[in-house]
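# Inside the fold
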Amino acid sequence: MNWKKSFKEGVKGGIPIGLGYLPVSFTFGFLAVSGGLPVWVAVLISLTNLTSAGQFAGTNLIIAGAGYFEVALTTLVINLRYMLMSLSLSQKLEQKTGTLARMALAFGITDETFVVSSLRPGILRASYMLGLISMPILGWNAGTLLGGSVSSMLPEAMQNAMGIALYAMFIALIIPAARQSRAVLCVIAVAVAAVCIFKYIAVFSFISSGFRIIAATVIASAFGAWFFPGKEEEGGKTQDGD
Amino acid sequence: MEIERVLICVALMALVTYIPRVLPVTVFRRQIRSRFIRSFLDYTPYAVLGALTFPDVFYSTGHFYSAAAGALVAVFLGYRGKSLVVVAVAAIIAVYVTELIGQALFII
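Residues numbered from 1 in each chain as written. Chains lettered and ligands numbered in written order. Predicted model: local features only at pLDDT ≥ 70, side-chain atom pairs only at ≥ 80, totals over all residues. Heavy atoms only, no water.

### Describing the overall build of chain A
Looking only at helices and strands, chain A features 13 helices and 0 strands. Here the C-alpha radius of gyration of chain A, 19 Å, is about what a compact globule of 242 residues would show, namely 18 Å. Seen along its three principal axes, the alpha-carbon backbone of chain A occupies a region of about 60 × 50 × 30 Å. With 242 residues in all, chain A has 52% of them scored as buried. Long-range contacts, defined here as pairs at least 24 residues apart, represent 76% of the contacts in chain A between residues at least 6 apart. (Helix = DSSP H or I, 4+ residues; strand = E, 2+ residues; numbered from the N terminus. Rg over C-alpha atoms; globule rule 2.2 N^0.38 Å. Buried < 20%, exposed > 50% of the residue type's maximum accessible area, 1.4 Å probe, protein only. Contact = heavy atoms within 4.5 Å.)

This is the structure we're talking about:
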């Protein structure tokens, strides 16, 4: 199969992902602009980050006036999961793939492109991957631009109500996983308990909101890894079935 | 909002988003052996999303009661396995309607 054909095949696989990104990135653009960022900055964030949870959280912190270290560390922690996906793809990718191609396709690794590409039988070609990530990139940025542009046109009550959108999406991401796996449920419970302790108990009030999240994440993930090691095979989301 | 600080933050975010994506596929081409680290990495997204969501979701709208209504709807629909978009839109509507009801009761 030549380069062009496998690229096209990738594009085809990426269309549904790109479409699915539209409403989510619309909400992102909307929230970023109603939080006080210019539309072009919202699009710049989507263009350079191409991720949901990480850029939502990072943008929230920017709007809240957090420091550089806090923004960077929070975003990093949220995006650590990409390491596993990237590792997994590196096992499946054509051996002779050059470093430059690897660097380009790595930019487009998301939860969804990862799942689609790892479910594909056989060896992965860089051309397919580059095609696959093109549509999600387009959808993510188009949605951000649109959401950011209409932000000021919606009535204030509606703007307030949209504040819950991000959290609702987070809930939609974790509840099904928690339902399937008791380990994930326990990890989430520990994380929430830890963050509540840091937030509401006066002794810990010196810890800022970003570091609360990081500390709670490390504690809960370590708890999960300690008490439920290897449970990740059940979730299947970040596994390539090895 | 000072644009210089914002742009530096955006650059930092882009960097720390790209590094976990690019390092393994280019540099470490071997599988992580440690079961602990693999599990740890796998639990991270759930832990971080949980910590980001609760309890902050209850402060995300004008009032606690409307935010709680939205969160309840989201948990219910999430449990039923509805898509991200459906859950988000339903939660927004729930908050909006609850706020309207609340205002009406307050006026009476």
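### Digging into the packing of helix α1 (residues 3-34) of chain A against helix α3 (residues 53-64) of chain A
Residue and element names in this part refer to chain A. Running from N to C, α1 and α3 point in directions that differ by 5°, and their axes come no closer than 11 Å. In terms of orientation, α1 lies roughly parallel with respect to α3. Taken together, the residues of α3 that come into contact with α1 (itself represented by Val24, Thr27, Phe28, Leu31 and Ala32) are Gln55, Phe56, Thr59 and Ile63. For the contact of α1 with α3, the residue count by class is 6 nonpolar, 3 polar and no charged. (Axes fitted to C-alpha atoms, helices over the stretch in contact; angles between N-to-C directions. Parallel < 35°, antiparallel > 145°, perpendicular 65-115°, else oblique. Nonpolar A, V, L, I, M, F, W, Y, C, P; charged D, E, K, R; others polar.)

### Considering the environment of B:Ser34
Residue and element names in this part refer to chain B. Within the secondary structure, Ser34 is located in the loop between α1 (3-26) and α2 (35-53). In this structure Ser34 comes out as partly exposed when scored by relative accessible area, which is 28%. Among the polar contacts listed, one links the side chain of Ser34 to the backbone nitrogen of Ile37, at a separation of 3.0 Å. (Polar contact = N/O pair within 3.5 Å; in protein donor to acceptor, adjacent residues only side chain to side chain.)

### Description of the side chain of A:Ser181
Residue and element names in this part refer to chain A. Looking at the secondary structure, you find Ser181 in the loop between α10 (165-180) and α11 (182-200). Judged by its relative accessible area of 7%, Ser181 falls in the buried class. For Ser181, the side chain forms a polar contact with the main-chain nitrogen of Ala183, separated by 3.2 Å.

### Considerations on the domain arrangement of chain A
All names here are of chain A. Segmenting chain A into domains produces domain 1 (3-155) and domain 2 (181-235). Computed from C-alpha coordinates alone, the two centres of domain 1 and domain 2 are separated by 25 Å. With 6 residues of domain 1 at the interface, the matching set in domain 2 holds 6 residues. Considering only the side of domain 1, the residues that lose the most area to domain 2 are Glu70, Thr74 and Val77, jointly responsible for 69% of the buried surface there. Run the count over domain 1 and domain 2 and you get 0 salt bridges. (Domains from an automatic or database assignment. Buried area = accessible area lost by both parts, 1.4 Å probe. Salt bridge = Lys/Arg side-chain N within 4 Å of Asp/Glu carboxyl O.)

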